[in-house]
Amino acid sequence: MTAMIMSGVGEDRLVLDQGSQAVLDAVAATPVAPLALGVTGPGGHGRSAYLQALARVYRRAGITVLESAPDQPDAVDPDTVLLVDDAQLLDDARLRVLRHLVAARRHRLIVGYRPWPRPAALVELAAALRRDGHLVLLTPFTREQTAAYLACAPELDRHPDLVDFVHGQTGGVPRDVERLVRGLRGQEYRSGLPTEPSPQVILEFGPDLEDLAPDIRRLLLAAAADVPLPVDLLGTLLGREPAEVDELIGETRAAGLLGADGRLTPIVRRAVTVLSPATERTTVWVRLTRLQLARGGPVLPLVRPMLAAGVTDECPAPTLEAAAEEALAGEPAVAAELFAAATAAGRPAVTRQAVAAALAGDLDLALRLADRRLAAAPAADQVEAAVVAATVLAHRGQVARSVELYRWSEGASAEAFAALGALAIGQQVDGAGPPAGDRAGGPPTLHHSAARLMADAIRDSVAGPPTAALSTLVQAAALLEPAGRAVLLPDSPAALAALTAMHCGELDTAEGVLDRAVTRGTGGPLMGRRHRLLQAWLAMVRGRTGFAADRLAAVTNGGPPLESRDLLFATALDMGIARRNSDLGTLQRGWGHALDALVRHPVDLFTLLPLGELAVAGARLGHLSRLEPYLLEARQLLDRLGHPPLWSAPLHWSGLHAAILAERPAVADEHVSALLDAADHNRYATVVAAAAACWVEVLRGTVDPVRVESAARGLHDVGLRWDGARLAGQAAIRTEDRRAMTSLLDCARMLQGRPAGAKGGQQPPGGDAISVAGPAPHRLSDREREVAELVLAGSTYREIGDRLFISAKTVEHHVARMRSRLNCANRAELLTLLRTILSDRSSSVARQPWPERPPA
């Protein structure tokens with residue numbers, strides 16, 4: 001069998017497969033030869049176009065073409081060509097005459113027919129054509145054939161996605177391809193292709209649908225729901241026996257409206273939905289949903305068209321509620337809308353609507369509905385409403401109130417989440433409720449088990465080493481994956497695992513668990529933005545500021561406003577990226593937003609990272625004192641928990657850098673002492689303690705290049721790549737030893753991901769081995785530092801000259817000299833290195849050594 005596809009771009013233009021073209025070529029080569037050819041396929045697949053192409057070949061050869069079926073074999077002249085289309089409509093006698101002509105093998109006979117109806121005489125004729133002649137089977141376009149058709153179509157915008165759009169909408173049915181392309185001609189799609197065909201295109205299906213029997217129209221409306229519908233269900237819907245349903249399906253396929261897989265293409269589905277009478281459409285859909293619900297089958301696909309058409313008020317309340325439950329995991333916003341419709345239809349579904357709204361991220365609606373149910377609802381509804389309210393409050397930073405509501409609801413998962421919240425605000429807890437499987441605590445569902453694991457892990461992280469806690473959280477995240485999209489969470493195990501991993505330097509683990517959470521959609525849209533923000537944080541810590549900025553923009557651009565916890569992380573990310581890029585303008589513009597975010601979200605255990613980052617940014621701007629109340633609150637929280645090293649070490653590391661920027665040597669020494677005390681707790685604490693001690697020694701003028709490089713590489717190994725490069729760069733500009741300077745600059749380059757030894761320009765006189773007394777040649781002068789800071793801020797040479805009252809040529813000279821002193825191969829390398837060594841706020845910090853640390 002072969003496939004043939006027609007093209008409507010011109011009378012003589014066809015898009016044919018190899019077999020169909022071979023038949024046409026054979027006829028053109030020897031038109032006088034006998035031929036028995038059958039051409040079959042559903043309506044709209046180009047049968048008539050192919051038959052007419054054959055007729056034109058014969059007429060060009062001077063052969064007469066007859067296009068009516070004879071009633072006697074003798075009525076056919078062997079010197080003519082008999083072409084019969086729509087043979088499925090002929091009576092048995094004429095079909096037998098055609099079969100007799102095929103068997104004679106001396107006529108030129110071409111018969112076209114649809115696959116339905118299939119009278120016995122037509123089946124015999126098809127068998128004879130297959131046995132004694134040729135049979136061409138018409139099938140839809142392949143994607144390549146759709147592309148070939150479009151390539152020939154005039155006045156068509158060559159959009160890169162055009163082929164996929166046309167083929168996806170039509171399924172390659174040639175009639176539908178031609179209709180859609182006609183509607184696209186002369187249009188420009190600079191802003192993108194439309195999401196669906198135009199009304200003019202849809203109206204072209206009107207005559208096709210009007211000619212159908214009522215039962216076939218109802219069958220198409222049922223198929224428009226785009227779900228598999230068994231024959232017995234369709235039989236009940238249509239009031240037909242299974243055999244009769246099969247006949248109706250065959251007739252619909254033969255019309256080219258229903259695919260071989262029993263589904264409608266998008267363009268046909270749209271036409272059926274739009275062009276069917278509203279009352280008939282609603283009646284079919286409502287009856288179908290009732291039948292499907294009674295069978296226990298999915299009803300959401302059947303309700304979805306009704307929701308789009310705005311006729312859910314005609315749908316029974318139980319069906320709406322069942323559809324909402326089905327939508328909860330994947331489309332919580334749709335679920336909330338359906339629960340609202342079920343409530344309007346008399347179903348008590350307000351609490352479930354609140355759950356759906358919370359999962360969708362509409363926390364205002366969720367809290368409003370939950371509070372209403374808490375005030376006046378049956379006890380069972382009050383418990384679920386309390387869980388919704390507690391979850392919303394946790395996301396909004398009201399952790400203490402959230403803990404109260406979780407404890408009041410008394411559910412097994414709620415008790416675990418209450419323990420988790422209590423730890424977050426610095427309250428010691430002994431347990432997280434009854435063990436999983438304890439009858440008093442309810443059945444050990446995945447949700448309950450994951451909640452207990454989360455609470456146990458955070459309690460362990462406070463009291464002991466992080467390894468067990470991190471493992472437990474990763475297990476909890478995996479446990480929730482099968483059903484995690486439809487469960488309300490105050491925080492996700494994946495987010496807590498990532499935070500724990502980042503606090504102990506296991507960044508690969510953090511990346512893996514976040515990637516899985518984003519892919520699986522754990523926690524629904526409510527948790528989705530938190531997971532993506534943590535991915536951005538991870539990238540920022542690793543020094544991938546461009547990727548982090550892109551991730552942050554993807555979360556913050558568009559969509560509803562961020563809740564307070566996510567807003568705090570987003571604001572700290574913005575400030576942290578700007579600080580690492582030496583973007584003083586963004587830091588200054590973002591400072592007010594940072595303070596607002598801190599006011600909106602009280603300090604808790606899981607927001608210490610953004611607090612530490614904002615402390616460093618505040619010190620860079622000279623506003624560290626504005627954050628002292630929040631830092632004091634964080635220290636008090638950690639004191640209440642026994643100052644756990646896992647959670648306190650990163651805050652001390654940030655505090656050290658804030659103290660350096662604020663020129664507070666005594667405070668920096670306190671942070672170093674705290675880090676040294678925690679050094680034995682985990683690998684991260686060990687690394688940052690060594691780096692902190694080394695850093696303050698560098699600031700006091702003592703540069704041990706071996707120790708500095710070891711500390712910088714250690715920071716790199718625990719994921720703090722930007723900090724590692726910065727330590728090496730800061731030490732390089734303070735040492736008087738040229739060889740040490742070169743080695744440390746190479747180290748900084750390597751930690752930034754550039755090859756060591758990537759130098760440019762001439763070496764300073766004297767070679768690497770010579771130490772120069774007095775100011776080292778690679779030190780930057782005050783003027784060079786001013787120029788460097790303005791260059792990093794994006795100013796042009798002329799703007800810098802105007803600002804500093806020097807010429808643009810002098811500015812260019814300063815930049816060239818800095819590039820030579822720092823041995824940079826190009827401008828990009830110079831800018832990267834300057835960002836590393838000029839990240840301190842005050843140039844005096846970089847030039848003047850700190851006073852010695854007083855004896856203990």
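1. So, the overall build of the protein
Working step 1: A count of helical and extended segments in the protein gives 43 helices and seven strands.
Working step 2: A compact globule built from 856 residues should have a C-alpha radius of gyration of about 29 Å, whereas the protein, at 38 Å, is more than 25% larger.
Working step 3: Referenced to the eigenvectors of the C-alpha coordinate spread, the extents of the protein come out at roughly 125 × 75 × 45 Å.
Working step 4: By residue count, 55% of the 856 residues in the protein fall in the buried class.
Working step 5: By element, 52% of the accessible surface of the protein is carried by carbon and sulfur atoms, the whole surface being about 35,200 Å².
Working step 6: With 90 positive and 98 negative side-chain charges, the protein shows a separation of 4 Å between the mean positions of the two kinds.

2. Regarding the side chain of serine 648
Working step 1: Among the structural elements, serine 648 can be located in helix H33 (residues 645-661).
Working step 2: Under the relative-accessibility criterion, serine 648 is labelled buried at 2%.
Working step 3: Apart from residues lying up to four places away in sequence, serine 648 is in contact with Leu638 and His643.

3. Observations regarding the nonpolar core
Working step 1: Judged by nonpolar contacts, the single largest core of 246 residues is most densely connected at Met502, Leu605 and Trp653.
Working step 2: Examining the composition of this core, we find that 13 residues originate from one element, helix H35 (residues 683-699), more than from any other.
Working step 3: For methionine 502, the residues in contact, after removing those within four places along its chain, are Leu507, Ala510, Leu534, Trp537, Leu538, Leu609 and Tyr684.

4. Digging into the sheet that holds strand E7 (residues 134-137)
Working step 1: Spatially, five strands are ordered E4-E5-E6-E3-E7 in an open sheet, and the strand pairing comes out parallel. Each edge of the open sheet carries a strand with a single partner, namely strand E4 (65-66) and E7.
Working step 2: Bridge count between strand E5 (residues 81-84) and strand E6 (residues 108-113): four bridges; the pairing is parallel. Each residue of the ladder has a partner; that of valine 84, found in E6, is valine 111.
Working step 3: Here helix H4 (residues 120-132) sits on the sheet and contacts strand E3 (35-40), E6 and E7; the angle it forms with E6, its principal contact strand, is near 130°.

5. Looking at H4
Working step 1: Counted at 1.5 Å a residue, the expected span for H4 with its 13 residues is 18 Å, and the 18 Å between its end C-alpha atoms agrees.
Working step 2: Within the sequence span of H4, burial applies to Ala121, Leu122, Leu125, Ala126, Ala128, Leu129 and Asp132. In an axial view of H4, the angular spread of the buried residues amounts to 160°, which keeps them on one side of the axis. Summarising the geometry of H4, the exposed residues directed more than 90 degrees from the buried face are Ala120 and Arg131.
Working step 3: Where H4 is buried, its residues contact E3, helix H3 (92-104), E6 and E7.

6. Looking at unusual backbone geometry
Working step 1: Omega for the bond connecting tryptophan 116 with proline 117 falls within 30 degrees of zero, at 0°, which places this linkage in the cis form.
Working step 2: Of note in the backbone geometry, glutamate 663 takes a positive phi value of approximately 60° without being a glycine.
Working step 3: Relative to the elements of secondary structure, glutamate 663 occurs in the loop between H33 and helix H34 (665-677).
Working step 4: Owing to a relative accessible area of 38%, glutamate 663 belongs among the partly exposed residues under this scheme.

7. What about the pattern of salt bridges?
Working step 1: Counting across every chain of the model gives 45 salt bridges.
Working step 2: One salt bridge in this structure joins glutamate 613 and arginine 580, with 3.2 Å as the shortest N-O distance. In this pair, glutamate 613 is assigned in helix H31 (residues 608-621) and arginine 580 in helix H29 (residues 564-580), connecting sequence segments 33 residues apart.
Working step 3: Exposure remark for glutamate 613: the relative accessible area of 6% places this residue in the buried category.

8. Some words on the side chain of arginine 529
Working step 1: For arginine 529, the location among the structural elements is in helix H27 (residues 524-541).
Working step 2: Here the side chain of arginine 529 touches proline 560 through a polar contact of 2.7 Å, landing on its backbone oxygen.
Working step 3: With near-sequence residues (within four places) excluded, arginine 529 lies in contact with Val555, Pro560, Pro561, Leu562 and Asp566.

9. Considering the pairing of E5
Working step 1: Burial of E5 is two-sided: the residues Val81 and Leu83 facing one way and the residues Leu82 and Val84 facing the other way are all buried.
Working step 2: With two bridges joining them, E4 and E5 adopt parallel strand pairing. Counterpart to leucine 66 in the pairing with E5 is leucine 82.
Working step 3: Between the parallel pair E5 and E6, the chain is carried across by H3, and the sense of this crossover is right-handed.

10. Description of a negative patch on the surface
Working step 1: A cluster of acidic residues, Glu241, Glu244, Asp246 and Glu247, forms a negative patch at the surface.
Working step 2: Mapped onto the elements, glutamate 241 comes out in the loop between helix H11 (231-238) and helix H12 (242-254).
Working step 3: Among the residues examined, glutamate 241 registers a relative accessible area of 54% and is labelled exposed.

11. A closer look at the packing of H11 against helix H14 (residues 278-295)
Working step 1: Put simply, H11 and H14 touch, their axes get as near as 10 Å, and they point 135° apart. With respect to each other, H11 and H14 are oriented oblique. Here the hand of the crossing between H11 and H14 comes out right-handed. Within the contact between the two elements, H11 uses Asp232, Leu233, Thr236 and Leu237 and H14 uses Val284, Arg287, Leu288, Leu291, Gln292 and Arg295.
Working step 2: For the contact of H11 with H14, a count of residues per class yields five nonpolar, two polar and three charged.

12. Regarding the packing of H27 against helix H28 (residues 545-556)
Working step 1: Running from N to C, H27 and H28 point in directions that differ by 165°, and their axes come no closer than 8 Å. One element, H27, and the other, H28, form an angle in the roughly antiparallel class. You can see that H27 and H28 cross each other, and the crossing is left-handed. Residues Arg529, Arg532, Leu533, Gln535, Ala536, Ala539 and Met540 of H27 form the contact with H28, whose participating residues are Phe547, Ala548, Arg551, Leu552 and Val555.
Working step 2: Residues belonging to the contact of H27 with H28 are distributed by class as follows: eight nonpolar, one polar and three charged.

13. Comments concerning the environment of alanine 494
Working step 1: Looking at where alanine 494 falls in the secondary structure, it is placed in helix H25 (residues 493-503).
Working step 2: According to the relative accessible area criterion, alanine 494 is buried, its value standing at 3%.
Working step 3: Linking alanine 494 and leucine 300, residues 194 residues apart in sequence, is a C-alpha distance of 30 Å.
Working step 4: Setting aside its immediate chain neighbours within four residues, alanine 494 contacts Ala477, Val513, Leu514, Ala517 and His531.

14. A closer look at the environment of arginine 626
Working step 1: Here arginine 626 shows up in the loop between H31 and helix H32 (628-640).
Working step 2: Given a relative accessible area of 47%, arginine 626 falls into the partly exposed group.
Working step 3: When the C-alpha atoms of arginine 626 and asparagine 581 are compared, they prove to be 23 Å apart, with 45 residues separating the residues in sequence.
Working step 4: Apart from the residues within four sequence positions on either side, arginine 626 is in contact with Trp591 and Leu595.

Criteria and thresholds
Residues numbered from 1 in each chain as written. Predicted model: local features only at pLDDT ≥ 70, side-chain atom pairs only at ≥ 80, totals over all residues. Heavy atoms only, no water. Helix = DSSP H or I, 4+ residues; strand = E, 2+ residues; numbered from the N terminus. Rg over C-alpha atoms; globule rule 2.2 N^0.38 Å. Buried < 20%, exposed > 50% of the residue type's maximum accessible area, 1.4 Å probe, protein only. Areas by Shrake-Rupley, 256 points an atom, 1.4 Å probe, with all protein chains shown as cover. Lys, Arg positive; Asp, Glu negative; His and termini not counted. Charge placed at Lys NZ, Arg CZ, Asp CG, Glu CD. Contact = heavy atoms within 4.5 Å. Core = buried A, V, L, I, M, F, W, Y, C linked by side-chain atoms within 4.5 Å. Pairing = 2+ DSSP bridges. Axes fitted to C-alpha atoms, helices over the stretch in contact; angles between N-to-C directions. Expected span 1.5 Å × (residues − 1). Arc of directions from axis to C-beta. Salt bridge = Lys/Arg side-chain N within 4 Å of Asp/Glu carboxyl O. Polar contact = N/O pair within 3.5 Å; in protein donor to acceptor, adjacent residues only side chain to side chain. Right-handed = clockwise from strand over helix to strand, strands pointing away. Patch = residues over 30% accessible without salt bridge, like charges linked within 9 Å, V, L, I, M, F, W, Y side chains within 5 Å. Parallel < 35°, antiparallel > 145°, perpendicular 65-115°, else oblique. Left-handed = near helix turned anticlockwise from the far one by under 90°. Nonpolar A, V, L, I, M, F, W, Y, C, P; charged D, E, K, R; others polar.

Shape descriptors only; they carry no functional weight alone.
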